[in-house]
Amino acid sequence: MEEAYENFARVYDLFMDNIDYPAWCRYLTGLLREYQVTEGLVLELGCGTGSMTELLAGEGYDMIGVDNSEEMLEGAMEKKAASGHDILYLLQDMREFELYGTVQAVVSVCDSMNYILEEEELLQVFRLVNNYLDPGGVFIFDMNTLYKYRDVIGDTTIAENREEGSFIWENFFDEETGINEYELTLFLPEENGLFRKYEEVHRQRAYGLDTVKELLVQAGLEFVAAYDAFTREPPGPKSERVYLVARECQKKNGGFQ
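What this report covers is the structure whose coordinates are included nearby. (Residues numbered from 1 in each chain as written. Predicted model: local features only at pLDDT ≥ 70, side-chain atom pairs only at ≥ 80, totals over all residues. Heavy atoms only, no water.)

### Topic: the nonpolar core
Basically, it comes down to this: In this description, a nonpolar core means a group of buried Ala, Val, Leu, Ile, Met, Phe, Trp, Tyr and Cys residues linked to one another through side-chain atoms lying within 4.5 Å. Classification of residues uses two cut-offs on accessible area relative to the type maximum, computed with a 1.4 Å probe and protein chains only: under 20% is buried, over 50% is exposed, and between them is partly exposed. In this text, helices come from DSSP runs of H or I with a minimum length of four residues, and strands from runs of E with a minimum of two, each type numbered from the N-terminal end. We call two residues contacting when some pair of their heavy atoms lies within 4.5 Å.
Core analysis: the biggest nonpolar cluster contains 33 residues, and L45, M113, F126 and F139 have the highest contact counts within it. If you tally residues by element for this core, the top one is helix 5 (residues 119–132), at seven residues. In this structure, F126 is in contact with M113, F139, F141, V212, L215, L216, A219 and L221, ignoring residues within four places of it in sequence. One finds V42, C47, V109 and Y243 within the second-largest nonpolar core, a separate group that totals 32 residues.

Below you can see the structure in the form of structure tokens.
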């Protein structure tokens, strides 16, 4: 898993403005309410700059956001100051996050779970989620699919040029490992009018649905449902993103520590 978004954090929201966060939030809150989570504490793993965290707080949830990028959380804190929402942000790696108590639900969106590159580490994340969920609590998260990495974005280059900065995003997918490598080159303006070049590498892994189900069960969670993103339909062979729902059903090692 990458240690952090560093320079990209400065322009993350700018270049992610194609994501319809309000629509994503409506879908996510619909799922939460469908599974009887209408209020209370909700944890977002991989919260980034807090775009979804803020929207969920606006829907009345008491939000906690966890991310391992200090730079991304700086953006989240700026949004918090502007909105006045009482959100707790924690600088933690989702593979070893700690809370003071349990929560009604855990959510994770924008393919944050795909950044976990090893099955054993994904299992550890699921175990921690199970540990910090209330009895019967709900875990909702999304993942990019093998089809998306291999057939849609694999071995493609995305580039965008704006006044605020430019980027080149090169994708390289290794079908043997299931890992998609993003080589990100940024050109960001300096105060003197010149542009400075930054380079970052990010990696995500495609997981089969059966593998994810098995890991959820191993972690003590009950697999509830999988949906083609933003629908209530089951995933198909050309689904690019899937949403998964799991529920706490048994605590391992005595539960919350």
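Further notes follow.
### Concerning the layout of surface pockets
The test is simple: Cavities and pockets were defined on a 1 Å grid built from protein atoms only: a cavity is a group of points that admits a 1.4 Å probe but offers it no way out, a pocket is an open group of points flanked by protein on both sides within 12 Å along at least five of seven lines, and a lining residue is one with an atom within 4 Å of any such point. Grid points are joined across faces, edges and corners, and a volume is the space filled by probe spheres set on the points. Gly is put with the polar residues, along with every residue not named as nonpolar or charged; the nonpolar set is Ala, Val, Leu, Ile, Met, Phe, Trp, Tyr, Cys and Pro, and the charged set is Asp, Glu, Lys and Arg.
Each pocket or cavity is described by its volume, and for the second largest pocket that value is around 210 Å³. Lining the second largest pocket we find 15 residues, and of these T145, L146, Y207, L209 and V242 sit closest to its centre. Secondary-structure elements contributing two or more residues to the lining of the second largest pocket are strand 5 (133–144), helix 6 (146–153), helix 7 (209–218) and strand 11 (241–248). In the lining of the second largest pocket, the residues fall into 10 nonpolar, five polar and no charged.

### Brief notes about the sheet that holds strand 10 (residues 221–228)
Stated precisely, the cut-off is as follows: Two strands are counted as paired when DSSP detects at least two bridges linking them. Inter-axis angles, ranging from 0 to 180 degrees, are taken between N-to-C directions of lines fitted to C-alpha atoms, where helices are fitted over the stretch in contact.
Strand order in the open sheet made by the seven strands is 3-2-1-4-5-11-10, with mixed pairing throughout. Sheet topology places strand 3 (88–91) and strand 10 at the edges, where each strand pairs with a single neighbour. Neighbouring strand axes in the sheet, compared pairwise and without regard to direction, differ in orientation by 15° on average. Two elements, strand 4 (residues 103–108) and strand 5, share five bridges in a ladder whose sense is parallel. Looking across to strand 5, one finds that V107 is bridged to I140. Packed onto the sheet, helix 2 (residues 21–34) meets strand 4, strand 5, strand 10 and strand 11 and runs at close to 30° relative to strand 11. Here helix 3 (residues 51–58) sits on the sheet in contact with strand 1 (41–45), strand 2 (62–67), strand 3 and strand 4, set at roughly 170° to strand 2.

### Focus: the packing of helix 5 against helix 7
To keep it simple, the criterion reads: Our angle categories are set so that under 35 degrees counts as roughly parallel, over 145 as roughly antiparallel, 65 to 115 as roughly perpendicular, and the remainder as oblique. We call a crossing left-handed when the near helix sits turned anticlockwise from the far one by less than a right angle, and right-handed when that turn is clockwise.
Their axes nearest at 9 Å, the elements helix 5 and helix 7 cross at an angle of 50°. One element, helix 5, and the other, helix 7, form an angle in the oblique class. In this structure, helix 5 crosses over helix 7, and the sense of that crossing is right-handed. Residue-level contacts link E119, L122, L123 and F126 of helix 5 to T211, V212, L215, L216 and Q218 of helix 7. The residue inventory of the contact of helix 5 with helix 7, partitioned by class, reads six nonpolar, two polar and one charged.

### Some details on helix 5
The condition is simple: Under the convention used throughout, the expected extent of a helix is 1.5 Å for every residue step, that is, one less than its residue count.
Its 14 residues give helix 5 an end-to-end C-alpha distance of 20 Å, which sits within 8% of 20 Å, the value for a rise of 1.5 Å per residue. Among all positions of helix 5, only L122, L123, V125, F126, L128, V129, N130, N131 and Y132 are buried. Turning to helix 5, the residues buried within the fold contact strand 1, strand 4, strand 5, helix 7, strand 10 and strand 11.

### Quick look at the sheet that holds strand 9 (residues 195–205)
A sheet is described by the order of its strands in space; here four strands give the open sequence 6-7-8-9, paired in antiparallel fashion. Strands with a single pairing partner mark the edges of an open sheet, and in this sheet they are strand 6 (157–162) and strand 9. Across this sheet, the average inter-strand angle for adjacent strands is 10°, counted without regard to direction. Both strand 7 (residues 165–174) and strand 8 (residues 179–189) contribute to a ladder of nine bridges, which runs antiparallel. Across the sheet, the residue bridging to F172 is E181, located in strand 8.

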